[in-house]
Amino acid sequence: MPREQFVQENLLAHGGDEALWEYLFSRISENEDHITFDMFIHNMAVATRGDPDEKLDWTFKFYDKDASGFIEHDEMLVIFRSIFKMVEAVDLAQMMPSDQNTPEKRVKCIFDKMDLDQDRKLSPDEFKEGCKADNAIMEVMSLLR
């Protein structure tokens, strides 16, 4: 499937903004111009059917936009801004605790809990251990089946 078709079909089906779908495409495709069915299925299988560690590895890779081996604060913030925009129709902010009801507050909360050395980036270990210690995150991971 060509990149543009992937982006447009997901915009129509799920909303959000073009940047989120462009970004997702770049994370799951090995080619800049198109994604094969096999690539798509492989990534969705890991994200939805993998064991918890596989799902966390996939999620880490998703957030690590520049493939530096760390999730930087700004990388996560860009994604959360897109996610909040995508689900604004269901009024995500109303469902979140007041200390997490904006992308900025949510990312701050995540980094406050997970960024143990306070360097404004999450290592794979910080991310995985932080997720495993958060019952809400692990519950969401278990729902992805």
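This write-up is about the structure you can find in this document. Just so we're clear, the structure is a prediction, and the values are computed from it rather than from any experiment.

### A few points about the overall build of the chain
Part 1 of the reasoning: Each helix and strand in the chain was counted, giving nine helices and two strands.
Part 2 of the reasoning: Ordering the α and β elements of the chain from the N terminus gives α-α-α-α-β-α-α-α-β-α-α.
Part 3 of the reasoning: Its C-alpha atoms give the chain a radius of gyration of 15 Å, within 12% of the compact-globule value 15 Å for 145 residues.
Part 4 of the reasoning: Seen through its principal axes, the chain has C-alpha atoms that stretch 40 × 30 × 30 Å.
Part 5 of the reasoning: When burial is assessed residue by residue, the chain has 39% of its 145 residues classed as buried.
Part 6 of the reasoning: For the chain, long-range pairs separated by at least 24 residues make up 48% of all intrachain contacts whose partners lie at least 6 apart in sequence.
Part 7 of the reasoning: Summing over all exposed atoms, the chain offers an accessible surface of approximately 8700 Å²; the carbon and sulfur share of this is 55%.
Part 8 of the reasoning: Put simply, the chain has 17 plus and 31 minus side-chain charges, and the middle of one group is 3 Å from the middle of the other.

### Thoughts on helix α1 (residues 3–14)
Given 3.6 residues to a turn, an α-helix orients residues that are three or four positions apart in the same direction.
Part 1 of the reasoning: Between its terminal C-alpha atoms α1 stretches 16 Å, which fits the 16 Å expected from twelve residues at 1.5 Å a residue.
Part 2 of the reasoning: Inspection of α1 places Phe6, Val7 and Asn10 among the buried residues, and these make up the whole buried set. One side of α1 carries all its buried residues, which in axial view fall inside an arc of 95°.
Part 3 of the reasoning: Where the residues of α1 are buried, they touch α2 (18–28) and α3 (37–49).
Part 4 of the reasoning: Glycine 15 sits one or two residues past α1 and shows a positive phi near 80°.

### Topic: the packing of α1 against α2
Part 1 of the reasoning: Where α1 contacts α2, the two axes come as close as 9 Å, and the packing angle between them is 130°. As summarised for this structure, α1 and α2 are arranged oblique, according to the angle between their axes. Here the hand of the crossing between α1 and α2 comes out right-handed. Each of Arg3, Phe6, Val7, Gln8, Asn10, Leu11 and His14 in α1 lies in contact with α2, whose residues at this interface are Glu18, Trp21, Glu22, Leu24, Phe25 and Ile28.
Part 2 of the reasoning: A class-by-class count of the residues in the contact of α1 with α2 yields seven nonpolar, three polar and three charged.

### Considering α2
Part 1 of the reasoning: All of the buried residues in α2 are Leu20, Trp21, Tyr23, Leu24, Phe25, Arg27 and Ile28.
Part 2 of the reasoning: Summarising the contacts, the buried residues of α2 are in contact with α1, α3, α4 (52–63) and α5 (73–86).

### Quick look at the pattern of salt bridges
Part 1 of the reasoning: Summed over all chains, the structure comprises six salt bridges.
Part 2 of the reasoning: Lysine 132 is paired through a salt bridge with aspartate 53; the nearest N and O atoms lie 2.8 Å apart. Here lysine 132, found in helix α8 (residues 124–132), pairs with aspartate 53, found in helix α4; they are 79 residues apart in sequence, far enough to count as distant.
Part 3 of the reasoning: Using a relative accessible area of 37% as the deciding quantity, one classes lysine 132 as partly exposed.
Part 4 of the reasoning: A salt bridge links aspartate 57 to lysine 128, with the nearest nitrogen and oxygen atoms 2.8 Å apart.

### With respect to the state of the cysteines
Part 1 of the reasoning: Applying the stated criterion across every chain, the model contains zero disulfides.
Part 2 of the reasoning: In this structure cysteine 109 is not part of a disulfide, and its nearest cysteine sulfur, from cysteine 131, lies 12 Å away.

### A closer look at the packing of aromatic side chains
Part 1 of the reasoning: Scanning the entire structure with this criterion turns up six aromatic pairs.
Part 2 of the reasoning: Clustering of aromatic rings is evident, with ring pairs tying together Trp58, Phe60, Phe62, Tyr63, Phe80 and Phe127.
Part 3 of the reasoning: Above the face of the phenylalanine 70 ring, lysine 121 is positioned so that its terminal group lies 4.3 Å from the ring centre.

Conventions adopted
- Residues numbered from 1 in each chain as written.
- Predicted model: local features only at pLDDT ≥ 70, side-chain atom pairs only at ≥ 80, totals over all residues.
- Heavy atoms only, no water.
- Helix = DSSP H or I, 4+ residues; strand = E, 2+ residues; numbered from the N terminus.
- Rg over C-alpha atoms; globule rule 2.2 N^0.38 Å.
- Buried < 20%, exposed > 50% of the residue type's maximum accessible area, 1.4 Å probe, protein only.
- Contact = heavy atoms within 4.5 Å.
- Areas by Shrake-Rupley, 256 points an atom, 1.4 Å probe, with all protein chains shown as cover.
- Lys, Arg positive; Asp, Glu negative; His and termini not counted.
- Charge placed at Lys NZ, Arg CZ, Asp CG, Glu CD.
- Expected span 1.5 Å × (residues − 1).
- Arc of directions from axis to C-beta.
- Axes fitted to C-alpha atoms, helices over the stretch in contact; angles between N-to-C directions.
- Parallel < 35°, antiparallel > 145°, perpendicular 65-115°, else oblique.
- Left-handed = near helix turned anticlockwise from the far one by under 90°.
- Nonpolar A, V, L, I, M, F, W, Y, C, P; charged D, E, K, R; others polar.
- Salt bridge = Lys/Arg side-chain N within 4 Å of Asp/Glu carboxyl O.
- Disulfide = S-S within 2.5 Å.
- Phe/Tyr/Trp six-rings, centres within 6.5 Å; stacked < 30°, edge-to-face > 60°.
- Lys NZ or Arg CZ within 6 Å of the ring centre and 35° of its normal.

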